Amino acid sequence: MNRLLSALLGVTSATAVIATTVAAPANAATSQADHPFLFTYTFAGHLKVAGGHFTVGGRVYVSVKHSNGVTAFHKWTTARTHPVTPGGAVYVDTTLASPCSGSRNGYAEAYDAATKRWSARLPVTVCRRID
C-alpha cells in the first residue's frame, strides 16, 4: 500500500519520513509545555522571580500580588536567551524580603506582551518590602 501511494504521489519513503518528522514539532509548539512559566528563589535576602518560554527580545510584565489582588511589586523587563531556561527568560530581583515565615499569601505572574499570554499564577509568600 505504501509503495502504491509513493508511486502515485511520486514520493520516496525517505521524503515521507522527513515530512512526518517536520510536521511533529509544529504541533508540539502549540502544546501546554510552551506556555510561559515562573519559578522563584531567594538570593541575598530578596525574592527573585524568574521564568521561561517568553518571546526573546519581547517585553514581559512581572508582578507579585497579595491574595486579595493588591500589587506588592511589579516591573517591566525584557526576555533574553539563557543557557538553562527555555525560550525567552526573565530574571527579576524584587524589593520583597525572602525568606520569611508564614503561609503562601500571594502569587507571582507574568505577561508576555508579544503573545498576549499570562503565565500561570505561582503561589508565593509575600514578605515586607526592602527599599
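Description of the structure in this document. (Residues numbered from 1 in each chain as written. Predicted model: local features only at pLDDT ≥ 70, side-chain atom pairs only at ≥ 80, totals over all residues. Heavy atoms only, no water.)

### Quick notes on the state of the cysteines
For clarity, the cut-off: A pair of cysteine sulfur atoms is labelled a disulfide when the two atoms are within 2.5 Å. Secondary structure elements follow DSSP: runs of H or I no shorter than four residues count as helices, runs of E no shorter than two count as strands, and numbering proceeds from the N terminus.
The tally for this structure, following the rule as stated, stands at one disulfide. In this model C100 forms its disulfide with C127; the gap between the sulfur atoms is 1.6 Å. Residues C100 and C127 share a disulfide whose torsion about the S-S bond is about -75 degrees; that sign makes it left-handed. With C100 in the loop between β5 (88–97) and β6 (106–112) and C127 in the segment after β8 (122–124), this pair connects stretches of sequence that are 27 residues apart.

### As for the nonpolar core
Proteins that are soluble and globular tend to have nonpolar side chains buried together. The line we're drawing: Throughout, nonpolar core names a set of buried Ala, Val, Leu, Ile, Met, Phe, Trp, Tyr and Cys residues whose side chains join them through atoms within 4.5 Å. Per-residue accessibility, obtained with a 1.4 Å probe over protein chains only, is compared with the maximum for each type, and a residue is labelled buried under 20%, exposed over 50%, and partly exposed between these values. In what follows, a contact means two residues having at least one pair of non-hydrogen atoms within 4.5 Å.
Counting 17 residues, the largest nonpolar core has V49, F54, V60, V62, V64 and L96 as the members making the most contacts within it. Among the secondary structure elements, those contributing two or more residues to this core are β2 (46–54), β3 (59–66), β4 (71–78), β5 and β6. Ignoring anything within four residues of it in the chain, the contact list for V49 reads L38, F39, T40, V62, V64, V90, Y91, V92, T94 and A108.

### Here's the deal with the pairing of β5
Working note: regular strand, side chains alternate between the two faces of the sheet. The following threshold applies: Any two strands between which DSSP finds at least two bridges are classified as paired.
The buried fraction of β5 is high, at seven of ten residues. In terms of strand pairing, β2 meets β5 through six bridges, oriented antiparallel. The residue bridging G51 from the neighbouring strand is V90, located in β5.

### Digging into the side chain of T85
The criterion, for reference: Nitrogen and oxygen atoms within 3.5 Å of one another constitute a polar contact, given that in protein one can donate a hydrogen and the other can accept it, and given that sequence-neighbouring residues count only through two side-chain atoms.
Here T85 is to be found in the loop between β4 and β5. In this structure T85 comes out as buried when scored by relative accessible area, which is 6%. Of the polar contacts made by the side chain of T85, one reaches the side chain of Y91; its length is 2.4 Å. In this structure T85 touches F37, F39, G51, G52 and Y91, once residues within four positions along its chain are discounted.

### What to know about the pattern of salt bridges
We apply this condition: Think of a salt bridge as a Lys or Arg side-chain nitrogen and an Asp or Glu carboxyl oxygen that are within 4 Å of each other.
A full pass over the atoms with the stated rule returns three salt bridges. Put simply, R121 and E109 hold a salt bridge, and the shortest N to O gap is 3.5 Å. Here E109 lies in strand β6 and R121 lies in the loop between β7 (117–118) and β8, a separation of twelve residues in the sequence. Salt bridges sharing common partners tie together K65, E109 and R121.

### Observations regarding the packing of aromatic side chains
Short version of the rule: Ring pairs shown here join Phe, Tyr and Trp side chains whose ring centres sit within 6.5 Å, with only the six-membered ring taken for Trp; geometry is labelled stacked below 30 degrees between planes, edge-to-face above 60, and tilted in between.
This structure, assessed with the given rule, holds five aromatic pairs. Measuring from centroid to centroid gives 6.4 Å for F37 and F39, while their planes differ by 25 degrees, and the two rings are stacked. Take F39: its relative accessible area is 28%, and that puts it in the partly exposed class. Seen from their ring centres, F39 and Y91 are 6.0 Å apart, and the 80 degrees between their planes marks the pair as edge-to-face. One end of the pair, F39, is in strand β1 (residues 37–43); the other, Y91, is in strand β5, with 52 residues separating them in the sequence.

### Focus: the pairing of β6
Of all seven residues in β6, six are buried, a share of seventy percent or more. Examined bridge by bridge, β3 and β6 share seven bridges and lie antiparallel to one another. Bridging from a neighbouring strand, S63 pairs with E109 of β6. Relative to β8, β6 runs antiparallel, the two being bridged by three bridges. Bridging from a neighbouring strand, G106 pairs with V124 of β8. Strand direction decides the pairing type here: β6 and β7, joined by two bridges, are antiparallel. Along β7, the bridge assignment pairs Y111 with W118. In this structure, the hairpin formed by β6 and β7 is closed by a connection of four residues, where K116 is found at a positive phi of approximately 60 degrees.

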